[in-house]
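# Chains, contacts and geometry: an overview
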Amino acid sequence: MQKYQWLVIIALIGWTISFASCNKMHKMEGPVVSNAESVEVVEQESSDAISVEPIHGSVDVLIYIGKTLWISSENAENEAEMTKFLLESENIQVEITKSKESVRDWMLQTTANGAVNVCILYGILPSTIYPSGNAQPDGSVAENWIETTDGDTILNHADYFGYNSSEGKANERGAMQNLMDLPEIEINVYEHNVDMFVTVEGSRLAPSMVHFKSDRPFPLDQLEDEWFAEKILATDTGNTQATLADPVIVRDGDRGRLAIVFHTLYKNDPKAEVAAQIINYLLTQ
Ligand SMILES: [Ca+2]
Ligand SMILES: [Ca+2]
Ligand SMILES: [Ca+2]
C-alpha cells in the first residue's frame, strides 16, 4: 500500500514537471510568434511603395531613390511615388527602389529586351551601373543599356547627370562624357538660374511644363556624332533654335536616350508630372 502511494506521488511529480516545462515551451514560443508578426508589419509599412524584392524584368520604369542630390530624400520619395501613381494609371509598370544592386540587376534584365525602359535618377548615378570615379569609361552596365535599339532612357532630375556617384569618388563631367562617348561635352557649372521658356513642342508633349530657372541646362550645341535632340521642352530662347535646354530628350541615333528633366538646385518643380508625361511619350513610340 505504501509503495503504491509513493508511486502515485512520483507519477504526480513527474506529470507536474512535464506540464510546467510544456507551459514554459509554450511561453517561449509566444514572444517569438508575436515578434515575427511585428517585424512583418514593419516590413509591410516600409515596402508599401518602395520595393525590397528583386525587380522583375517586366517592370517598365525603375526609380532609384537610394541616394539623391539637390533634392532631399523625402522630396525625391514623394516625387517618385507621384510619378509611379501617374504612370500606373496609364498601365505602365513602375517600381521604386533604394537598392543600387536592384538597379543593376534590372538593367541587365532589360538590356536589349525589345522594350523601351526608363530609369529615373535624382542627381546620383549608382556605382553599380557606372563604377565611381569613371573607373569604367566603356562597357559599363549603364552604357550597354543605352547602346541598344530598345531606346532605353536614363531620366535624371536635380543635380548634373552623373556628376556624383552613390559612393566613392565623384565622376564630375566624366560620366556623361563616357556614357555618351562625347569626350568634350560638359554642362556649365558656374551659372545658375538660367531662364527656361517652354517651347511649343514642350507644352504639347508635357502640359505641366511652366517657365522655370534651370541650374544645369543641357548644352544643345555640344551634341556630336549621332546624338540629336529628339524633344526639346524648354530652352533659353523659348524655341528649339537655342544653345541651352531643360527638359530635353537626347538620343544616340536609333539607340538609347538621356532625358534631362529639371536640373535644379532644391527647387519645387513639377518633376513627377513632367517625367510621367515624357515617359508616356517614350513608351508609346
Ligand atoms: Ca529595354
Ligand atoms: Ca563610353
Ligand atoms: Ca559607347
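Up top you'll find the structure we're talking about.
Let me begin by describing the structure that accompanies this report.

Cut-offs and rules
Residues numbered from 1 in each chain as written. Chains lettered and ligands numbered in written order. Predicted model: local features only at pLDDT ≥ 70, side-chain atom pairs only at ≥ 80, totals over all residues. Heavy atoms only, no water. Phe/Tyr/Trp six-rings, centres within 6.5 Å; stacked < 30°, edge-to-face > 60°. Buried < 20%, exposed > 50% of the residue type's maximum accessible area, 1.4 Å probe, protein only. Helix = DSSP H or I, 4+ residues; strand = E, 2+ residues; numbered from the N terminus. Donors = N, O, S within 2.8 Å, 3.2 Å for Na, K, Ca; no water. Tetrahedral: all angles 85-135°; square planar, octahedral: opposite > 155°, others 65-115°. Pairing = 2+ DSSP bridges. Axes fitted to C-alpha atoms, helices over the stretch in contact; angles between N-to-C directions. Salt bridge = Lys/Arg side-chain N within 4 Å of Asp/Glu carboxyl O. Expected span 1.5 Å × (residues − 1). Arc of directions from axis to C-beta. Contact = heavy atoms within 4.5 Å. Right-handed = clockwise from strand over helix to strand, strands pointing away. Polar contact = N/O pair within 3.5 Å; in protein donor to acceptor, adjacent residues only side chain to side chain.

## A few points about the packing of aromatic side chains
Summed over the entire model, instances satisfying the criterion amount to three aromatic pairs. Taking the centre distance of 4.9 Å and the plane angle of 45° together, the rings of Tyr160 and Tyr163 count as tilted. Given the relative accessible area of 0%, Tyr160 is considered buried. The interplanar angle of 70° and the centroid separation of 4.7 Å between the aromatic rings of Phe212 and Phe262 together place this pair among those described as edge-to-face. Of the two residues, Phe212 is situated in strand S6 (residues 212-214) and Phe262 in the loop between strand S12 (257-260) and helix H7 (271-283); the sequence distance between them amounts to 50 residues. The burial state of Phe212 is the same as that of Phe262; both residues are buried.

## Things to note about the coordination of the calcium ion (ligand 2)
Six octahedral donors around a metal ideally sit at 90 or 180 degrees from one another, while four tetrahedral donors ideally sit at 109.5 degrees. Taken together, Pro137 (O), Asp138 (OD), Glu143 (OE), Glu143 (OE), Asn178 (O) and Asp181 (OD) make up the full set of protein donors to the calcium ion (ligand 2), lying 2.3 to 2.6 Å away. Of note is the calcium ion (ligand 2), whose six donor atoms meet at the metal with angles of 52 to 162° in an arrangement that counts as irregular. The sequence pattern describing where the donors of the calcium ion (ligand 2) fall on their chain is P-D-x4-E-x34-N-x2-D. The two metals, the calcium ion (ligand 2) and the calcium ion (ligand 3), are separated by 3.8 Å and share Glu143 as a common coordinating residue. Here Pro137, found in the loop between strand S3 (118-122) and helix H4 (141-145), pairs with Asn178, found in helix H5 (residues 174-180); they are 41 residues apart in sequence, far enough to count as distant.

## Comments concerning the coordination of the calcium ion (ligand 3)
Around the calcium ion (ligand 3), the protein contributes the donor atoms Glu143 (OE), Glu147 (OE) and Asp181 (OD), which lie 1.8 to 2.0 Å from the metal centre. Along the chain, the residues that donate to the calcium ion (ligand 3) are spaced as E-x3-E-x33-D. Using a relative accessible area of 2% as the deciding quantity, one classes Glu143 as buried.

## Here's the deal with the sheet that holds S12
A sheet is described by the order of its strands in space; here seven strands give the open sequence S2-S1-S3-S4-S12-S11-S8, paired in mixed fashion. Each end of this open sheet is capped by a strand with a single partner; those strands are strand S2 (94-97) and strand S8 (227-232). Across this sheet, the average inter-strand angle for adjacent strands is 20°, counted without regard to direction. Pairing geometry for S8 and strand S11 (residues 248-252), over five bridges, is antiparallel.

## Some remarks on the pattern of salt bridges
Counted by the stated rule, this structure contains 14 salt bridges. When the shortest N-O distance is used, the salt bridge between Glu101 and Lys100 registers 3.5 Å. A salt bridge links Asp269 to Lys271, with the shortest nitrogen-to-oxygen separation between them at 3.0 Å. One salt-bridge network, held together by shared partners, links Glu226, Asp252, Asp254 and Arg255.

## What about helix H2 (residues 73-88)?
Helix length check: H2, at 16 residues, gives a terminal C-alpha distance of 22 Å against a target of 22 Å (1.5 Å per residue), a fit within 8%. Among all positions in H2, only Ala76, Glu79, Ala80, Thr83, Lys84 and Leu87 are buried. Each buried residue of H2 sits inside an arc of 135° when the element is viewed along its axis, so together they form one side. Exposed residues on H2 whose side chains face more than 90 degrees from its buried face are Glu74 and Phe85. On its buried side, H2 packs onto strand S1 (61-64), S2, S3 and H7.

## Looking at the pairing of S2
In the case of a regular strand, side chains alternate between the two sheet surfaces. Summarising the sheet, S1 and S2 pair through four bridges and their orientation is parallel. Residue pairing in the sheet places Leu62 in a bridge with Glu95 of S2. Once the chain exits S1 it traverses H2 before rejoining the sheet at S2, and the crossover so formed is right-handed.

## A closer look at helix H3 (residues 100-110)
If you check which residues of H3 are buried, you get Lys100, Ser102, Val103, Trp106, Met107 and Thr110. When H3 is viewed along its axis, its buried side chains cluster within an angular range of 150° and face the same direction. Looking at the packing, one finds that the buried side of H3 touches S1, S2, S3, H4 and strand S4 (153-157). Two or three places before Glu101, at the opening of H3, Ser99 has a side-chain oxygen 3.3 Å from that residue's backbone nitrogen. A positive phi of about 55° marks Ala112, the residue just after H3.

## Remarks on the side chain of Lys100
Assignment of secondary structure puts Lys100 in helix H3. Among the polar contacts made by the side chain of Lys100, one reaches the side chain of Glu167 at a distance of 3.3 Å. Once residues lying within four places of it in the same chain are set aside, the contact partners of Lys100 are Tyr64, Pro126, Ser127, Thr128, Ser166 and Glu167.

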